[in-house]
Amino acid sequence: MMKRKLLFAIIIILLGCTSSWGVVHGASTKKAGFKKTDIPTFFIHGYGSSYRAERYMVNSATENGVTNTVVRANVRRNGSIRILHSSRWTNQSYNPLIEVNFIANHNRNYPRYAFWFGKVLKQLQSQHHFTKYNVVAHSLGNLDLMYYLLGHEKKTAQLVHQVDIAGPFDGSNIDGFRFPDNKLAADSRPQKMSDFYHFFLNRKENYPINQVHVLNIYGNLDNGSNSDGRVSTTSARSLKYLIGNRAKSYHQVEFKGWDAQHHMLRQNPQVSQKIIKFVWGRDNDRAS
């Protein structure tokens, strides 16, 4: 009798654990509800990189049910574009993701990359007729984006969400403008300015007013360097002085620790979840 009671108790405990496991893990994998629109999101990689640097963030969005369409735009060395479809972009597509892939990826000619990005945008817009778009940029890809946004070229679509990850807006240790002792004033204006920061500053009025929701993500190794190993927190935060008062909303998020390293940020699960919530979540979740 005692053995039977003991066996019964063990079965009850095991059933309870199984039920609890199902609740916890089911909640973590359950597809959340996201806005479904025809607005595409472009991912722009940095120096010496490729679309592979964007894969973790793209895969996270796909696995979370954000989209059913992923497209790659290969930009050849001569600027010609080839569109590759991991999944077809059709009238049934929602929240399509575009991996912008620059084949010539060891060049710091940011205006040229900006021009090429504009070509990708226009080519896909002519094919799919969207009027709005989002961008997620990492590292020097942020400079490509800024040169495009602040350039005088006529824009054919409206930027809605701009996510900047590890952006060296006022230089880094890979472009000759490291500025290790640089500081920001109360309004986020940097004391020392790179050549391209001066360029952006002189053209900040070209940034669309009250149109773009901006999320600026930067890393801090928390080891006394005040940087992600490549970009200082000062350089990353200097974006606010350029566009903070022109954006529709502006949020800065600092990640700390080893997984806030420059390249690790793009593979950080918390960063991906923050992006997903910001770009495709409900409006009242944007600032959280």
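An unreviewed UniProt entry annotates the protein chain as Cell surface hydrolase originating from Liquorilactobacillus hordei DSM 19519.

S.K.: A description of empty space enclosed by the protein should follow, citing residues and the corresponding values.
M.R.: The final tally for this structure, using the stated rule, is one cavity of 30 Å³ or more. For the largest cavity, the full set of lining residues is His45, Gly46, Tyr47, Phe102, Ala104, Asn105, Asn107, Tyr110, Tyr113, Leu140, Gly141 and Asp144. Across the lining of the largest cavity, the residue classes tally to six nonpolar, five polar and one charged.

S.K.: So, the pairing of strand E1 (residues 41–44): which residues are in play, and what are the values?
M.R.: Taking every second residue as pointing to the same face, both faces of E1 are buried, with Thr41 and Phe43 on one and Phe42 and Ile44 on the other. Bridge analysis of E1 against strand E4 (residues 97–102) gives four bridges, and the strand direction is parallel. Across the sheet, isoleucine 44 pairs through a bridge with valine 100, a residue of E4. Alignment of E1 against strand E5 (residues 132–138), held across four bridges, turns out to be parallel. Following the sheet pairing, phenylalanine 42 is matched in E5 by valine 135.

S.K.: Break down the pattern of salt bridges for me, citing the residues and quoting the values.
M.R.: Going through the model one piece at a time under the given rule, you end up with five salt bridges. A salt bridge links glutamate 205 to arginine 246; its shortest N-O distance comes to 2.9 Å. Placement of the pair is glutamate 205 in the loop between helix H5 (195–202) and strand E7 (213–220) and arginine 246 in the loop between helix H7 (239–243) and strand E8 (249–256), with a sequence separation of 41 residues. With a closest N to O distance of 3.9 Å, lysine 256 and glutamate 254 form a salt bridge.

S.K.: Hey, could you go over the packing of aromatic side chains for me, with residue numbers and the actual values?
M.R.: Each pair of aromatic rings is reported with the distance of its centres and the angle of its planes. Evaluation of the coordinates by the stated rule reveals 17 aromatic pairs. Judged by centre distance (6.3 Å) and plane angle (55°), the ring pair of phenylalanine 42 and phenylalanine 130 falls under tilted. Taken together, the positions of phenylalanine 42 in strand E1 and phenylalanine 130 in the loop between helix H3 (110–128) and E5 put the pair 88 residues apart, joining distant regions of the chain. Grouping aromatic residues by their ring pairs yields a cluster made of Tyr110, Tyr147, Phe177, Phe179, Phe196, Phe199 and Phe200. We note lysine 204 situated over the ring of tyrosine 241; from NZ or CZ to the ring centre the distance is 4.4 Å.

S.K.: Can you explain the side chain of aspartate 175? Please cite residues and give values.
M.R.: Following the sequence through the fold, aspartate 175 ends up in the loop between strand E6 (158–165) and H5. No salt bridge forms around the buried aspartate 175; measuring N to O, its nearest opposite-charge neighbour arginine 108 is 6.2 Å away. From its side chain, aspartate 175 meets the backbone nitrogen of serine 172 in a polar contact 2.9 Å long. Side-chain polar atoms of aspartate 175 contact the backbone nitrogen of phenylalanine 177, separated by 3.1 Å. Aspartate 175 has contacts with Arg108, Tyr110, Leu140 and Phe196, leaving out every residue within four places of it along the chain.

Each value, and the rule that gives it
- Residues numbered from 1 in each chain as written.
- Predicted model: local features only at pLDDT ≥ 70, side-chain atom pairs only at ≥ 80, totals over all residues.
- Heavy atoms only, no water.
- 1 Å grid on protein atoms, 1.4 Å probe; cavity = no way out; pocket = protein on both sides within 12 Å on 5 of 7 lines; lining within 4 Å.
- Points joined across faces, edges and corners; volume = space filled by probe spheres on them.
- Nonpolar A, V, L, I, M, F, W, Y, C, P; charged D, E, K, R; others polar.
- Buried < 20%, exposed > 50% of the residue type's maximum accessible area, 1.4 Å probe, protein only.
- Helix = DSSP H or I, 4+ residues; strand = E, 2+ residues; numbered from the N terminus.
- Pairing = 2+ DSSP bridges.
- Salt bridge = Lys/Arg side-chain N within 4 Å of Asp/Glu carboxyl O.
- Phe/Tyr/Trp six-rings, centres within 6.5 Å; stacked < 30°, edge-to-face > 60°.
- Lys NZ or Arg CZ within 6 Å of the ring centre and 35° of its normal.
- Lys, Arg positive; Asp, Glu negative; His and termini not counted.
- Polar contact = N/O pair within 3.5 Å; in protein donor to acceptor, adjacent residues only side chain to side chain.
- Contact = heavy atoms within 4.5 Å.

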